[in-house]
Amino acid sequence: RSPLPWFGCSRVQSMLPTPAFTCIPAASLFPLRNAFFQPVDHLPSCNRPTALFSFSEQCPEGMSASQVVRRSRSRSRSRAENGKGGSGIRRKTSLAMSGKEVNTGKWTWGRHDGLWNLPNILSVGRVFLVPLLAAVIYSTLPGRNLIAAGIFAVAGITDFIDGYLARRWKLTSPFGEFIDPVADKLIVATALVLLSMAHGTRTFDVGLPTAVTICRELAVSALREWMAQRGKRNSVAVGYVGKCKTAAQMVAITGLLLALPGGGMDALYLPSLAILWLSSILALQSAVSYFAAAWPSLNPTQAPET
């Protein structure tokens, strides 16, 4: 089957002295099919054949060239809207002619604004990784440090992927806006608390930045909720320092999980601990900037009495 059944030739026809042709079969564009063509003089045409073009088919009976072109475009547009059939070039051509935003990519599963789109599924998956991470840290499995670090690394990667897909596909949903930050805070808080217990005599070293991080998350989350109720959530949106804090937390916690006692990677403890303290400092700095931005709403200036 030819991917483009007919071409309208009205523009070329207007350049000729007489209406020499009205349709050109797309098969003539393929060199491999030229062997099946017969000489021009022995072939029928819509009107009168010329030496410039060859014909292998007739226009459908009772249809003009413009009607053939309109029918072809209508079929191509329908296939593009349904996501079926045809090459990518034809679907994009139909998309341009129809003026509609149609998903012409190969990936379609989970790419919708419904509840269970792919970014939301990844966020929910991070929630289910929380009890799995706790079970591995408490276990006596050989290589538990590698397993726990792998689980947390997967959570960090999915956090990046679901945010990237949501922005690229322009997917927004109330459930997604809720579950994404909740999943991040659940797995980070769980990992920090369990690490404070797992490192035994090192509890104070890990415990203090853990307390700072959790208190900061509670305060900032409450602030954002309060600002959202007043329609000013954008003023306390995540900034650059907050993103750096999150990245430092992911690296530090992964290193501390690898340095669990008995795992043979104690050399990673001090560098990971330093990065964790750095993330705590960044957390405090970002919290101060959020509260400074929200302070006019927290303490509104009263108009002088008249």
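Parameters at a glance
- All residue numbers refer to position in the chain's written sequence, counted from 1.
- Given that this is a predicted model, residues contribute local features only at a pLDDT of at least 70 and side-chain atom pairs are listed and counted only at 80 or more, while totals for whole chains, interfaces and linings are drawn from all residues.
- Calculation of side-chain values draws on the structure's entire complement of heavy atoms; hydrogens and water are dropped beforehand.
- Candidates for patches are residues over 30% relative accessible area with no salt bridge; among them, like charges are joined within 9 Å and nonpolar side chains (Val, Leu, Ile, Met, Phe, Trp, Tyr) within 5 Å.
- The method behind every accessible area is Shrake-Rupley, applied with a 1.4 Å probe, and residues are considered shielded solely by the protein chains displayed.
- Any carboxyl oxygen of Asp or Glu within 4 Å of a side-chain nitrogen of Lys or Arg constitutes a salt bridge here.
- Helical segments are the DSSP runs of H or I of at least four residues, strand segments are the runs of E of at least two, and each set is numbered from the N terminus.
- Exposure categories follow from relative accessible area, calculated using a 1.4 Å probe and restricted to protein chains: below 20% of the type maximum is buried, above 50% is exposed, and the middle band is partly exposed.
- For our purposes a nonpolar core is just a set of buried Ala, Val, Leu, Ile, Met, Phe, Trp, Tyr and Cys residues, chained together by side-chain atoms within 4.5 Å.
- Residue contacts are counted whenever heavy atoms from the two residues lie within 4.5 Å of one another.
- The pLDDT score gives, residue by residue, the confidence of the prediction method on a 0 to 100 scale.
- For this analysis, a ring pair means two rings from Phe, Tyr or Trp (six-membered ring only for Trp) whose centres lie within 6.5 Å, classed as stacked if their planes differ by under 30 degrees, edge-to-face if by over 60, and tilted for the remaining angles.
- Any Lys NZ or Arg CZ found within 6 Å of a ring centre and within 35 degrees of that ring's normal is scored as a charge over the ring.
- Helix span is expected to be 1.5 Å times the residue number reduced by one.
- Note that the bend at a residue is defined as the angle between axes fitted to the seven residues ending at it and the seven residues starting at it.
- Throughout this description, a polar contact denotes any pair of N or O atoms lying within 3.5 Å of each other; where both atoms belong to protein, one of them has to be capable of donating a hydrogen while the other can accept it, and for residues adjacent in sequence the pair is counted only when both atoms sit in side chains.

Caption draft 1: Region of interest: a nonpolar patch on the surface. Side chains of Ile157, Phe160, Ile161 and Tyr164 sit close together on the surface and give an oily, nonpolar patch of about 390 Å² of accessible area. By secondary structure assignment, the location of Ile161 is in helix α5 (residues 144–169). Of the residues examined, Ile161 reaches a relative accessible area of 34% and is grouped as partly exposed.

Caption draft 2: Structural view of the nonpolar core. Grouped together as the largest cluster of nonpolar side chains are 29 residues, with contacts concentrated most on Leu133, Phe152, Ile187, Ile253 and Leu257. For this core, the secondary-structure elements that each account for two or more residues are α4 (118–138), α5, α6 (174–198), α8 (240–258) and α9 (269–298). If sequence neighbours within four positions are ignored, Phe152 has contacts with Leu133, Ile187, Val188, Ala191, Met250, Ile253, Thr254 and Leu257. The next biggest cluster of nonpolar side chains, apart from the first, holds seven residues, and it includes Met227, Val236, Tyr290 and Ala294.

Caption draft 3: Just the confidence of the model for the protein, in detail. Here the protein averages 75 in pLDDT, while 64% of its residues score no lower than 70. Of all helices and strands in the protein, the one with the weakest mean pLDDT is strand β1 (residues 6–8) (44), whereas α4 scores best (94). Per-residue pLDDT stays below 50 along residues 302–306; that stretch engages in zero contacts with residues further than four places along the chain or on separate chains.

Caption draft 4: Just the packing of aromatic side chains, in detail. One pass over the structure, following the stated rule, counts two aromatic pairs. For the pair Trp116 and Phe175, a centre-to-centre distance of 5.9 Å together with 65° between the ring planes defines the contact as edge-to-face. Of the two residues, Trp116 is situated in the loop between α3 (88–98) and α4 and Phe175 in helix α6; the sequence distance between them amounts to 59 residues. For Trp116, a relative accessible area of 49% gives the class partly exposed. Judged by centre distance (6.3 Å) and plane angle (15°), the ring pair of Phe160 and Tyr164 falls under stacked. Here Phe160 and its partner Tyr164 are both found in helix α5, four residues apart, which amounts to about one turn of the helix. Between Arg224 and the ring centre of Tyr290, over which it is positioned, the NZ or CZ distance is 4.8 Å.

Caption draft 5: Up close: α4. In this model α4 runs 31 Å from its N-terminal to its C-terminal C-alpha over 21 residues, within 8% of the 30 Å that 1.5 Å per residue would give. The principal kink in α4, of about 25°, is found at Leu129, preceding the proline Pro131 by one to four residues. When we look at burial in α4, the residues that qualify are Leu118, Pro119, Asn120, Ser123, Val124, Arg126, Leu129, Val130, Leu133, Ala134, Val136 and Ile137. Elements in contact with the buried residues of α4: α5, α6 and α8. With a side-chain oxygen positioned 3.0 Å from the backbone nitrogen of Asn120, the residue opening α4 is Asn117.

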